[in-house]
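Observations on the model geometry
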Amino acid sequence: MATVVAFHAHPDDEAILTGGTLARAAAEGHRVVVVVATDGRVNDGDGDRLAELRASATALRAHRVECLGYADSGFGAEFYPDPPGRVRFARADVEEAAQRLATILRDEDADLLLSYQPNGGYGHRDHVRVHHVGKRAAQIAATPRVLEATMPREMLTRVEHGARLLHLPAPYGREVVRTAYAPASSITHRINVFRFAQQKRDAFAAHRSQIGASAAAARLFAVLMRLPPQVAGLMFGREWFVDPNLPPGRVHRNIFE
């Protein structure tokens, strides 16, 4: 059996991008470790998102959860100053952060690291930093393989268009989608997680503070939670990755291929 370490920017990213894949890996007998760079708090008054992360990890049957201890950098034009006693992840020294992650990789003797693409998916500054830190940590720890979590850009375009027609909040705006994640032709791994869609939905539901962050988010969550299991499986039944060391073309069905 293998050990997979999933490195994410914030609590809830693990469920959105890799929840089904992690649940499948755990069900197949592999060791699953979730590491987040930040505690998800932009302001010190924000709730305990790490408790939500632990609940999410339990739903996914992960074996270990760690946080590197950085502060959330926030999304948007304004880049807030560092809070007292903490550094926002997007300002973190890459080498220092990579050493923290590499310690976990070595401790776990990780076979595979799940990280992000250079564009951070949708351009979030913390997600971009995850790419650089994850890449460097894998080098330091001599982790054999890295897969970068992604989504097909064409699918997101369709979702954004459909959401507008149905007057529902889209996950990403039209301008973001144009350059978000990856073209379908560049994806090297498409993972069937249909049987684990309920676990993924449960993991997502654990992040209550984010679900209620806005009226639009609460409305979208209510719609998702009412979906019949088969429909949820169809919606959440695939996850995607790019192996930066493989040429595009052949699509693999297992993260350990």
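Structure: above.
A brief structural summary.

The rules behind these values
- What you see as residue numbers is a count from 1 along each chain, following the sequence as written.
- Local features in this predicted model are restricted to residues of pLDDT 70 or higher, and side-chain atom pairs are both shown and tallied only at a pLDDT of 80 or more, whereas totals for entire chains, interfaces and linings draw on every residue.
- For side-chain calculations, the full set of non-hydrogen atoms in the structure is used, while hydrogens and water are omitted.
- Only runs of H or I of at least four residues qualify as helices and only runs of E of at least two qualify as strands under DSSP, and these elements are numbered from the N terminus.
- Burial classification: accessible surface area is computed with a 1.4 Å probe over protein chains only, and a residue below 20% of its type maximum counts as buried, one above 50% as exposed, and the rest as partly exposed.
- Any two residues having at least one pair of non-hydrogen atoms within 4.5 Å are treated as being in contact.
- All accessible-area figures derive from a Shrake-Rupley calculation using a 1.4 Å probe, and residue coverage is judged against the displayed protein chains alone.
- Only rings of Phe, Tyr and Trp enter the pairing, Trp through its six-membered ring, and a pair is recorded when the two centres are within 6.5 Å. The plane angle decides the type: under 30 degrees is stacked, over 60 is edge-to-face, the rest tilted.
- Note on definitions: salt bridges are taken to be side-chain nitrogens of Lys or Arg within 4 Å of carboxyl oxygens of Asp or Glu.

**Observations concerning the overall build of the protein**
In terms of regular secondary structure, the protein is built from 11 helices and seven strands. Taken over 257 residues, the protein has a buried fraction of 51%. A separation of at least 24 residues holds for 80% of the contacts in the protein among residues at least 6 apart in sequence. Surface accessibility of the protein: about 11700 Å² in total, with carbon and sulfur atoms responsible for 55%.

**Considerations on the packing of aromatic side chains**
Overall, the coordinates contain three aromatic pairs when judged by the stated rule. With a centroid separation of 6.5 Å and an interplanar angle of 90°, the aromatic rings of Phe7 and Phe89 are classed as edge-to-face. Note that Phe7 is positioned in strand β1 (residues 3-8) and Phe89 in the loop between β3 (64-70) and α3 (94-108), a separation of 82 residues in sequence. When its relative accessible area of 0% is taken as the criterion, Phe7 is described as buried. For Phe89, a relative accessible area of 0% puts it in the buried group. With 5.3 Å between their ring centres and 50° between their planes, Tyr70 and Phe89 make a pair best called tilted.

**What about the pattern of salt bridges?**
Under the defined criterion, the tally for this structure stands at 13 salt bridges. Measuring nitrogen to oxygen at the nearest pair gives 2.8 Å for the salt bridge that ties Asp107 to Arg64. Separated by 43 residues along the polypeptide, Asp107 in helix α3 and Arg64 in strand β3 bring together distant segments of the chain. The salt bridge partner of Lys200 is Glu239, with a shortest N-O separation of 2.7 Å. Taken as a pair, Lys200 in helix α8 (residues 197-205) and Glu239 in strand β7 (residues 238-242) lie far apart in primary sequence, 39 residues in all. For Glu239, a relative accessible area of 1% puts it in the buried group. When salt bridges that share partners are traced, they join Arg31, Arg64, Glu66, Asp107 and Glu108 into one network.

**Things to note about the pairing of β1**
For β1, a buried count of six out of six residues is recorded, marking the element as mostly surrounded by other parts of the structure. Along β1, one buried face is formed by Thr3, Val5 and Phe7 and the opposite face, lined by Val4, Ala6 and His8, is buried too.

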